[in-house]
Amino acid sequence: MFPEPSQNLTSCGVDKLVESMDFFGQLLVSEPVRDKNYRKLRAWFLACLSVQVSTTAACGAPLNDRIKKEFKSDQYTVTVGTTPKYAADAALEIGDGNGHGCSLQWMRFHPEKDNVEVLSIQLNEEWKQYTSKWPPDKAPVAVKIAQMKPEAYASLLQDLAIVNAAKLNPVERNTFGGMSSNDFWVYAQLDENNKKLIQLNWAGYGGSRGEMEYAKPAAAVNLAHNRVEHLDFKEHKLTDAERAWASAKFSRDWKDIKDKKFFWWVRER
């Protein structure tokens, strides 16, 4: 009647758990403790409280380890229904940065005929000692480019589809939750024929208080970075078309973040 308590629950199992909780509540007032079904349900329910609900990409299909790693938390559980399959020519943008770390990066994944071009534009001011009353007028921007195999890009898009479809379910806790001094920005956008398929954008301070808000964009950014870390990036001079893209992106993004409180350092960079 019920899944074994030792099994990780799929999204189907979560639904069954909810249904069983309702049934359990009815039994508390309508059935005696000696009832066989009641005892079985109670034992199963209490056992389920001690195991972690696993995430799923579809009913009964467990997530891959890459995504499970990104959604490990005691603040929420994750359920995912059926996910879409994005077209191979969908264009992906990834952004991230650290406020106190003085960094900011854009990445563009641009599908071409035989490969996917990955353009990286990175600002890394770091901490430098200076004697002037004003910071030096320097813009340490590194522009690099690499090629990615279409199969790897398709796999990345499928991971991002699962992340985007994920539903985060808060775990009730007695504590209010905390916030750290780690301020960061995470962003992911996927477009196909001028239609936004994924749009995740968050900036603020890390911590349990806001974890549910930044978990999905942070997961998307980490998954993308993990896929490109072994690519052969080479120094690159922006073409006129790439400059036009960057300028249009800045104008578009500015409209979205110009009035958002925790994006102030993103705007300045």
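Look up: the structure comes first, before these words.
Residues numbered from 1 in each chain as written. Predicted model: local features only at pLDDT ≥ 70, side-chain atom pairs only at ≥ 80, totals over all residues. Heavy atoms only, no water.

Caption draft 1: Focus on the overall build of the protein chain. When you go through the protein chain residue by residue, the secondary structure sums to seven helices and 11 strands. Considering only contacts within the protein chain whose residues lie at least 6 apart along the sequence, 69% involve residues at least 24 apart. For the protein chain, the accessible surface area stands at approximately 16,400 Å², while carbon and sulfur atoms represent 51% of it. (Helix = DSSP H or I, 4+ residues; strand = E, 2+ residues; numbered from the N terminus. Contact = heavy atoms within 4.5 Å. Areas by Shrake-Rupley, 256 points an atom, 1.4 Å probe, with all protein chains shown as cover.)

Caption draft 2: Focus on the packing of aromatic side chains. The tally for this structure, following the rule as stated, stands at eight aromatic pairs. Between the aromatic rings of Phe 71 and Tyr 76, the centroid separation amounts to 6.4 Å while the plane-to-plane angle is 80 degrees, which identifies the pairing as edge-to-face. Across this residue pair, the class does not change: Phe 71 and Tyr 76 are buried. Measuring from centroid to centroid gives 5.0 Å for Phe 184 and Trp 202, while their planes differ by 50 degrees, and the two rings are tilted. In this pair, Phe 184 is assigned in strand 9 (residues 183–192) and Trp 202 in strand 10 (residues 195–205), connecting sequence segments 18 residues apart. On the basis of relative accessibility, which here comes to 10%, the residue Trp 202 falls in the buried class. Ring pairing ties together the aromatic residues Phe 184, Trp 202 and Tyr 214, which thus form one cluster. Sitting over the face of the ring of Trp 245, Arg 108 holds its NZ or CZ atom 5.0 Å from the ring centroid. Note that Lys 249 overlies the ring of Trp 106, its terminal NZ or CZ placed 5.0 Å from the centroid. (Phe/Tyr/Trp six-rings, centres within 6.5 Å; stacked < 30°, edge-to-face > 60°. Buried < 20%, exposed > 50% of the residue type's maximum accessible area, 1.4 Å probe, protein only. Lys NZ or Arg CZ within 6 Å of the ring centre and 35° of its normal.)

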